[in-house]
Amino acid sequence: DVKVTQSSRYLVKRTGEKVFLECVQDMDHENMFWYRQDPGLGLRLIYFSYDVKMKEKGDIPEGYSVSREKKERFSLILESASTNQTSMYLCASSGNTGELFFGEGSRLTVL
Amino acid sequence: AQSVSQHNHHVILSEAASLELGCNYSYGGTVNLFWYVQYPGQHLQLLLKYFSGDPLVKGIKGFEAEFIKSKFSFNLRKPSVQWSDTAEYFCAVTYPFNTDKLIFGTGTRLQVFP
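Calculation rules
- Residues numbered from 1 in each chain as written.
- Chains lettered and ligands numbered in written order.
- Predicted model: local features only at pLDDT ≥ 70, side-chain atom pairs only at ≥ 80, totals over all residues.
- Heavy atoms only, no water.
- Helix = DSSP H or I, 4+ residues; strand = E, 2+ residues; numbered from the N terminus.
- Rg over C-alpha atoms; globule rule 2.2 N^0.38 Å.
- Contact = heavy atoms within 4.5 Å.
- Areas by Shrake-Rupley, 256 points an atom, 1.4 Å probe, with all protein chains shown as cover.
- Buried < 20%, exposed > 50% of the residue type's maximum accessible area, 1.4 Å probe, protein only.
- Buried area = accessible area lost by both parts, 1.4 Å probe.
- Salt bridge = Lys/Arg side-chain N within 4 Å of Asp/Glu carboxyl O.
- Polar contact = N/O pair within 3.5 Å; in protein donor to acceptor, adjacent residues only side chain to side chain.
- Phe/Tyr/Trp six-rings, centres within 6.5 Å; stacked < 30°, edge-to-face > 60°.
- Core = buried A, V, L, I, M, F, W, Y, C linked by side-chain atoms within 4.5 Å.
- Disulfide = S-S within 2.5 Å.

1. A look at the overall build of chain B
Counting its secondary structure elements, chain B contains zero helices and 12 strands. In chain B, the order of α-helices and β-strands from amino to carboxyl end is β-β-β-β-β-β-β-β-β-β-β-β. A compact globule built from 114 residues would reach a C-alpha radius of gyration of about 13 Å, and chain B, at 14 Å, matches this within 12%. Expressed as a percentage of contacts within chain B between residues at least 6 apart in sequence, the contacts between residues at least 24 apart total 55%. For chain B, the accessible area works out to roughly 5400 Å², and carbon and sulfur atoms hold 52% of it.

Laid out in structure tokens, this is it:
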């Protein structure tokens, strides 16, 4: 069974803290993505990566960075968390079919 | 900018009612189209997809969608919904110049009452 695993389901952080969200996929997919999901706004792409050490900005990259040191792992980093980054964060991966496989999500609350 | 529109934000139905959720995209050329579903507390999963061929696509759990190029639409349908179809439904599209980047609509929340 294919799997995308996000390290934390729920996190609570304080404003200004650094936050790491980890994502691992076991499908040997080239492409990995980070989305945030907010009510009424759907899914918005933050960053994506086509290959190891490659990254590209999505639609809302401000306040975020990413790291892809290994093919199976794609990390999202909030250098200094702010309250407007309270959201559900979804990691996904895809191969050559275009279908995205999603993790279960990480719900981040920034106080 | 390319976009995907889902005009129904919240749909409430009784069991056995028919369902149609609208999805429109903004590009006139070749696109790949998807419907994803997110059941309460679960991860997003693929319902169905269209790349080419027969414009009527069958998916899991009795869902289908029809690609109408002239209307830039890819509406999701189910003849008779069940309580277990309560979920959020997202339409998504990839464009030929960026086939790995999926653009999502804002989602439609479906509530089905027994």
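After that view of the structure, there is still more to cover.
2. Points about the environment of I77 of chain A
All names here are of chain A. Along the chain, I77 falls in strand β9 (residues 73-78). The class of I77 is buried, set by a relative accessible area of 9%. Note: C-alpha distance between I77 and E22 (55 residues apart in sequence) is 8.8 Å. Once residues within four sequence positions are removed from consideration, I77 is found in contact with K18, V19, F20, G63, Y64, S65, V66 and S67.

3. Side note on the interface of chain A and chain B
Taken together, the contacts link 21 residues of chain A with 18 residues of chain B. Of the roughly 1600 Å² buried where chain A meets chain B, counting both sides, 54% is carbon and sulfur surface. On the chain A side of the interface with chain B, the three residues burying the most area are L43, E99 and F102 of chain A, jointly 27% of the side's total. The interface formed by chain A and chain B contains one salt bridge. Where chain A meets chain B, there are three residue pairs in polar contact (both at pLDDT 80 or more). Elements that contribute at least two residues to the side of chain A that touches chain B include exactly β5 (31-38), β6 (42-49) and β11 (100-102) of chain A.

4. Remarks on the packing of aromatic side chains
Applying the stated criterion to the full structure yields 17 aromatic pairs over all chains. Through successive ring pairs, a cluster of aromatic residues spans F33, Y35, F48, Y50 and F102 of chain A together with F34, Y36, F51, F90 and F104 of chain B.

5. As for the pattern of salt bridges
All names here are of chain B. All told, the structure shown has 13 salt bridges over all chains when counted by the stated rule. Salt-bridge contacts for E64 lead to R77; the nearest nitrogen and oxygen are separated by 3.3 Å. Note that E64 is positioned in strand β8 (residues 64-68) and R77 in strand β9 (residues 73-78), a separation of 13 residues in sequence. Look at the salt bridges and you will find they share partners, linking K58, E64, E66 and R77 into a network.

6. Remarks on unusual backbone geometry
Of note in the backbone geometry, D28 of chain A takes a positive phi value of approximately 60 degrees without being a glycine. Its location among the elements puts D28 of chain A in the loop between β4 (23-25) and β5.

7. Brief notes about the nonpolar core
Among the nonpolar cores identified, the biggest contains 30 residues, and W35, L48, F74, L76 and Y89 of chain B are the most heavily contacted of them. A per-element tally of this core places strand β10 (residues 87-95) of chain B first, with five residues. Ranked by size, the runner-up nonpolar core spans 21 residues in total, among them L11, I60, L78 and V110 of chain A.

8. A look at the side chain of K78 of chain B
As for its placement among the helices and strands, K78 of chain B is situated in strand β9. Ignoring anything within four residues of it in the chain, the contact list for K78 of chain B reads A17, S18, L19, K61, G62, F63 and D85 of chain B.

9. Some words on the state of the cysteines
Defined simply, a disulfide is a covalent bond joining two cysteines at their sulfur atoms. A complete count under the given rule lists two disulfides over all chains for this structure. A disulfide bridge connects C23 of chain A with C91 of chain A, and the sulfur atoms are separated by 1.9 Å. Judged by the torsion about the S-S bond (-80 degrees), the C23 of chain A/C91 of chain A disulfide is left-handed. Here C23 of chain A is found in strand β4, whereas its partner C91 of chain A is found in strand β10 (residues 87-94), with 68 residues between them in sequence. Residue pairing for C23 of chain B: its cysteine sulfur links by disulfide to C91 of chain B, the two sulfurs lying 1.9 Å apart. Across the S-S bond linking C23 of chain B and C91 of chain B, the dihedral sits near -60 degrees, which makes this disulfide left-handed. Separated by 68 residues along the polypeptide, C23 of chain B in the loop between β3 (19-21) and β4 (24-25) and C91 of chain B in strand β10 bring together distant segments of the chain. A single burial state applies to C23 of chain B and to C91 of chain B, both of which are buried.

Honestly, it's all geometry; don't read function into it.
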